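The primary structure of each chain is shown beneath.
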Amino acid sequence: MLEEAMTAIAEDGLGALTMSALAERLGTSGGHILYYFGSKDLLLLAALRWSEAALAEERRRLLARRVTAPRRLDLFLRLYLPRGPRDPRWTLWIELWARIPANEELRAAQAELDRGWQDDLEALLAKGVAQGHFAPTDVTARASELLALLDGLSTRVVLGEESGRDARSALDAARAAAELLVPRP
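The following refers to the structure shown. (Residues numbered from 1 in each chain as written. Predicted model: local features only at pLDDT ≥ 70, side-chain atom pairs only at ≥ 80, totals over all residues. Heavy atoms only, no water.)

1. Points about the packing of aromatic side chains
Formally: A pair of Phe, Tyr and Trp rings is counted when the ring centres sit within 6.5 Å of each other, with Trp represented by its six-membered ring. The angle between the planes then sorts it: under 30 degrees is stacked, over 60 is edge-to-face, the rest tilted. The secondary structure listing takes helices from DSSP runs of H or I that are at least 4 residues long and strands from runs of E that are at least 2 residues long, numbered from the N terminus. Three exposure classes are used, based on accessible area relative to the maximum for each residue type with a 1.4 Å probe and protein chains only: buried under 20%, partly exposed in between, and exposed over 50%. Think of it as a cone above the ring: NZ of Lys or CZ of Arg counts as a charge over the ring if it is within 6 Å of the ring centre and within 35 degrees of the ring normal.
Summed over the entire model, instances satisfying the criterion amount to seven aromatic pairs. Judged by centre distance (5.4 Å) and plane angle (85°), the ring pair of phenylalanine 76 and tryptophan 117 falls under edge-to-face. Note that phenylalanine 76 is positioned in helix H5 (residues 69–80) and tryptophan 117 in helix H7 (residues 104–130), a separation of 41 residues in sequence. Residue phenylalanine 76 is classed as buried on the basis of its relative accessible area of 0%. Put simply, the rings of Phe76, Tyr80, Trp90, Trp93, Trp97 and Trp117 touch in pairs and so form one group of aromatic residues. Here arginine 59 stacks its cationic end above the ring of tryptophan 117, 4.1 Å away from the centre of that ring.

2. Digging into the pattern of salt bridges
Threshold: Salt bridge, as used here: a side-chain nitrogen of Lys or Arg that lies within 4 Å of a carboxyl oxygen of Asp or Glu.
Per the counting criterion, the structure on display carries 18 salt bridges. Where salt bridges share partners, they join Arg71, Asp74, Arg78, Arg168, Asp172 and Arg175 into one cluster.

3. Observations concerning the side chain of arginine 89
Heads up, the condition is: Note on definitions: a residue-residue contact is assigned when non-hydrogen atoms from the two residues lie within 4.5 Å.
Here arginine 89 is to be found in helix H6 (residues 88–99). Note on arginine 89: relative accessible area 4%, which makes it buried. Discounting chain neighbours no more than four positions away, the residues touching arginine 89 are Met6, Leu48, Ser51, Glu52, Leu55, Leu79, Tyr80, Leu81 and Trp117.

Remember that the coordinates give geometry; whether it matters functionally is a separate question.
Okay, structure coming up:
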């Protein structure tokens, strides 16, 4: 169900994803889907968790690679950013961000998912500092700043905004920001 929901979002956009439309794609009923998820918000959250779990596994592999810290940071940036304007994971994030103020469960899930990215980026930066690839810095603050910037760039790509309309320009901007935030010695 979650994979099909992500496919539907990528193909038709989040606005077209209704329980009945998803049920039709799956050959079941909307009530059947609601039985498992309870609401559209919880279905979207489950789809996002499923997608983020796959990315967490990719991050683990990325962090374990035997490459320099600057190269690992570049790979992290690529993994974080959307692949383009129809990236379903980022479409979901934007939708859920709008719903978070009124939903404690979504707020807690966002904090949990964000924490994984923050922890992994802090570890990457700390290792880079320890190995002398990056200048000494407050890795917690730099990771937080870099992730906030990546969120902004990602939103621009997904929304198709003129100055950030494609993934390539967002990656270039992320690289430039990373050079400033996490300089080499």
